[in-house]
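# Remarks on the overall topology
Each chain, letter by letter, is given below.
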Amino acid sequence: MVVPVDFEALAELRYQIRVFVSFSEEAARAQGIEPKQHQLLLAIKGLPPEMRPTVRVLAERLRLRHHSVVELLNRLERTGLAERTPSPTDGREILVRVTASGERLLRKLSEAHQEELVTIGPRLLHALEVVMQRKSRKASHGLQHSNHLR
């Protein structure tokens, strides 16, 4: 059985995500960094404690290629916002950390993002709920329909 696709609900969800991403990109540029640099700072600082902040891990978290993260990191290091240091437990491993000035910048951006989410979050959440409700209703309807056919 083919489950119908709710293009309108998906398009609205995509639009609301894009509104937030657009805000995020503009906020980063207003602070003098590129959006992907902001994303890297956030990925480093927001990494779960059980994960090691290596370029490989960060590339996975950002869904970027290893060399792309290295280039972003090079730029962040040149501006003093992040740095690479050898691991204290394994000298072969290089860890990445946000510097004090990087943390100040990231805090400004994160506060602005949280304020923006207070404003647009309800619309984003509603759009996601509509997609999820319609999907679950259609899936359960399809299940009921297939049970009826037995």
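The structure contained in this document is the topic of the report that follows. (Residues numbered from 1 in each chain as written. Predicted model: local features only at pLDDT ≥ 70, side-chain atom pairs only at ≥ 80, totals over all residues. Heavy atoms only, no water.)

Time to look at the side chain of Ser87. Within the element layout of this structure, Ser87 appears in the loop between β1 (82-86) and β2 (94-98). A relative accessible area of 5% places Ser87 in the buried class. For Ser87, the side chain forms a polar contact with the side chain of Thr89, separated by 3.1 Å. At 3.2 Å, the side chain of Ser87 forms a polar contact with the backbone nitrogen of Asp90. Contact partners of Ser87, with chain neighbours within four places excluded, come to Arg52, Glu93 and Leu95. (Helix = DSSP H or I, 4+ residues; strand = E, 2+ residues; numbered from the N terminus. Buried < 20%, exposed > 50% of the residue type's maximum accessible area, 1.4 Å probe, protein only. Polar contact = N/O pair within 3.5 Å; in protein donor to acceptor, adjacent residues only side chain to side chain. Contact = heavy atoms within 4.5 Å.)

Another point: the nonpolar core. Formed by 22 residues in total, the largest nonpolar core has its most connected members in Ile33, Leu40, Leu41, Leu58 and Val69. Counting only elements with at least two residues in this core, the list comes to α1 (7-30), α2 (35-45), α3 (55-62), α4 (66-78), β2 and α5 (100-149). Residues in contact with Leu41, not counting those within four places in the same chain, are Ile33, Leu76, Leu81, Ala82, Val98, Leu105 and Leu106. In terms of nonpolar packing, the next biggest core, distinct from the first, is built from 5 residues, Ala9, Leu13, Ala127 and Val130 among them. (Core = buried A, V, L, I, M, F, W, Y, C linked by side-chain atoms within 4.5 Å.)

Below, the discussion takes up the side chain of Thr54. Assignment of secondary structure puts Thr54 in the loop between α2 and α3. When residues no more than four places from it in sequence are discounted, the contact partners of Thr54 are Glu93, Ile94 and Leu95.

A positive phi angle, close to 60°, is found at Arg63, a residue other than glycine. Residue placement: Arg63 occurs in the loop between α3 and α4.

Here the focus is the environment of Ala28. Tracing the sequence through the fold places Ala28 in helix α1. Once residues within four sequence positions are removed from consideration, Ala28 is found in contact with Ile33, Glu34, Pro35, His38 and Leu109.

Considering all chains together, one arrives at 10 salt bridges under this definition. Between Glu71 and Arg78 there is a salt bridge, with its nearest N and O atoms 3.8 Å apart. Where Asp90 meets Arg92, a salt bridge forms, and the shortest distance between an N and an O atom there is 3.0 Å. By relative accessible area, Arg92 is classed as exposed at 72%. It is possible to trace a salt-bridge network through shared partners that takes in Glu71, Arg75 and Arg78. (Salt bridge = Lys/Arg side-chain N within 4 Å of Asp/Glu carboxyl O.)

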